[in-house]
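# Chains, contacts and geometry: an overview
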Amino acid sequence: MIKPAQAISMAVLGVALAMSQPAMAQRIGANSGVKHADDSGAPIEGPKPIAGAKSYESPIPFFKDLKPWDPAYKAPRTAWGKADLQGVWSTASLTALTRGGGRGGANIDTLVIPPEKVNQLLDGAQYTQAARDSQKRTDPNSGVFTDRNPDAGYNAFWIDPGSEYGRVNGEWRSSWITSPANGQIPYNRAGNAAAGSRMNAATTVNNTGPEVRTLGDRCLVSFANQGGPPLTNAMYNNNIRIVQTPTHVMLEIEMNHDARIIRLKDEVGAVKPLPDQIEQWFGDSLGWWEGDTLVVETRNPHRLQARGRIPLSKEGKIIERFRRVSDVEIDYTYEVIDPISYTQTWTGQMPLRFSKEQVYEYACHEGNYALPGILVGMNEGRDTALEADGE
């Protein structure tokens, strides 16, 4: 589902996504100031749905309908003979990068979810609960929310995380991380500090200028690492458009309308890594073909982007592989290799599903009303640090 620019608190959204915990949907309850309508007697009058029962058709195939991959499958070709990966692809899924309960992936100890447990885990997922709650009518006489919960930025209408756990070649997955076996990012001390440094600064320092805020607050790059490397998914805007030429591949990321450019190596070796002094958003990505698999090696990201949830030092690199395995799926795998930031090389696998949707502009700056408000508040002498009362 494509979202236009929205007049929301980008500070709240950026912080929530950068911490890998998507902003919570509004939770209605005794402490929130809003309650559900009591329909046990005469129903309370309220808005009526106008959509028909069959008005929605999914633009992407459901995981439950996908068959195991055919090893004899041959990908379609571009005009210059390479495997054609082009089109709009979705990463939407309840499966997340890491394993765990709530919004952090399935609450199970194994990478593969046993088929008999899929429905049970799906029923208990927080996104599933939020979707259920959104179908209940609220009491129109309750007034507004009074709990001052900054994480309650959305109800389920505004989010589009997917409705199923991910399925890889017939296996239901609890996380995209495939190793280490616990499904967690294996930070060492330096990596843990790098992952938390930017958010720590945003939550504790005075807002003397936009440079203090997170990259998401400033609308500079996609939130939640959706542009990669490696690619991830989040609570909405999970579409990626792939465009190929003989010399380049572009990944257009729906979230924040990023364009990640991959230069393809040539036969004479003229395409070389950029000098270390040139730090690009998403790093310096060089690609090549190994049969029908596009391999991409990325190093040297912009120093601000290198301090996010997936930090990458000057000595580190990330290797991604894109392989089309059916008309409607790409097998996307990656390795994160950086002994400066992690205790071991770690790997992941995430299927990309073909979408009938188009990618429209995510006009982040135009909808970013919160950042000017934060800066004006600071200029007026108010404490607008995230941990202060009233943010």
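Relevant structure appears above.
Residues numbered from 1 in each chain as written. Predicted model: local features only at pLDDT ≥ 70, side-chain atom pairs only at ≥ 80, totals over all residues. Heavy atoms only, no water.

### A few points about the overall build of the protein chain
The secondary structure content of the protein chain amounts to five helices and 13 strands. With 391 residues in all, the protein chain has 49% of them scored as buried. As displayed, the protein chain has an accessible area near 19,100 Å², and 53% of this comes from carbon and sulfur atoms. (Helix = DSSP H or I, 4+ residues; strand = E, 2+ residues; numbered from the N terminus. Buried < 20%, exposed > 50% of the residue type's maximum accessible area, 1.4 Å probe, protein only. Areas by Shrake-Rupley, 256 points an atom, 1.4 Å probe, with all protein chains shown as cover.)

### Things to note about empty space enclosed by the protein
Here the structure, examined in full by the defined rule, presents two cavities of 30 Å³ or more. Size it by volume and the largest cavity reaches roughly 80 Å³. Lining of the largest cavity is provided by Asn225, Gly228, Pro229, Phe282, Pro301, Gln305, Ala306, Ile310, Leu312 and Ile318. Counted by class, the lining of the largest cavity contains seven nonpolar, three polar and no charged residues. (1 Å grid on protein atoms, 1.4 Å probe; cavity = no way out; pocket = protein on both sides within 12 Å on 5 of 7 lines; lining within 4 Å. Points joined across faces, edges and corners; volume = space filled by probe spheres on them. Nonpolar A, V, L, I, M, F, W, Y, C, P; charged D, E, K, R; others polar.)

### Some details on the packing of aromatic side chains
As enumerated under the stated definition, the model contains seven aromatic pairs in all. When the centroid spacing of 5.4 Å and the interplanar angle of 80° are considered together, the rings of tryptophan 89 and phenylalanine 354 count as edge-to-face. Taken together, the positions of tryptophan 89 in strand 1 (residues 87–90) and phenylalanine 354 in strand 13 (residues 346–354) put the pair 265 residues apart, joining distant regions of the chain. Residue classification places tryptophan 89 among the buried residues on the basis of a relative accessible area of 0%. For the pair tyrosine 334 and tryptophan 346, a centre-to-centre distance of 6.2 Å together with 90° between the ring planes defines the contact as edge-to-face. On the criterion of sequence distance, the pair formed by tyrosine 334 in strand 12 (residues 329–337) and tryptophan 346 in strand 13 is long-range, its members being twelve residues apart. For the residue pair tyrosine 334 and tryptophan 346, the accessibility class agrees, reading buried in each case. For the cation-ring pair, lysine 64 lies above phenylalanine 62, with the distance from its terminal atom to the ring centre recorded as 5.2 Å. It is lysine 265 that lies over the ring of tryptophan 288; its NZ or CZ is 4.5 Å from the centre. (Phe/Tyr/Trp six-rings, centres within 6.5 Å; stacked < 30°, edge-to-face > 60°. Lys NZ or Arg CZ within 6 Å of the ring centre and 35° of its normal.)

### Let's talk about the packing of helix 2 (residues 115–124) against helix 3 (residues 126–134)
At their nearest, the axes of helix 2 and helix 3 sit 5 Å apart, and the two run at 60° to each other. With respect to helix 3, the element helix 2 is oriented oblique. Two secondary-structure elements touch here, helix 2 through Leu122, Asp123 and Gly124 and helix 3 through Gln126, Thr128, Gln129 and Arg132. Residues belonging to the contact of helix 2 with helix 3 are distributed by class as follows: one nonpolar, four polar and two charged. (Axes fitted to C-alpha atoms, helices over the stretch in contact; angles between N-to-C directions. Parallel < 35°, antiparallel > 145°, perpendicular 65-115°, else oblique. Contact = heavy atoms within 4.5 Å.)

### Considerations on the sheet that holds strand 2 (residues 112–113)
Read from one edge of the open sheet, three strands run 2-4-3, paired in antiparallel fashion. Strand pairing shows two members of the sheet lacking a second neighbour, strand 2 and strand 3 (167–168), which therefore form its edges. Sheet topology note: the strand 2/strand 4 (residues 171–173) ladder contains two bridges and is antiparallel. Within strand 4, the residue paired with isoleucine 113 across the bridge is tryptophan 172. (Pairing = 2+ DSSP bridges.)

### Things to note about the state of the cysteines
What the rule picks out here adds up to one disulfide. With its sulfur 2.0 Å from that of its partner, cysteine 219 forms a disulfide with cysteine 364. Handedness here is read from the sign of the S-S torsion; for cysteine 219 and cysteine 364, about -70°, the answer is left-handed. Within this pair, whereas cysteine 219 is found in the loop between helix 4 (189–204) and strand 6 (239–244), its partner cysteine 364 is found in the loop between strand 13 and helix 5 (370–379), the two being separated by 145 residues in sequence. Each member of the pair, cysteine 219 as well as cysteine 364, carries the same accessibility label: buried. (Disulfide = S-S within 2.5 Å.)

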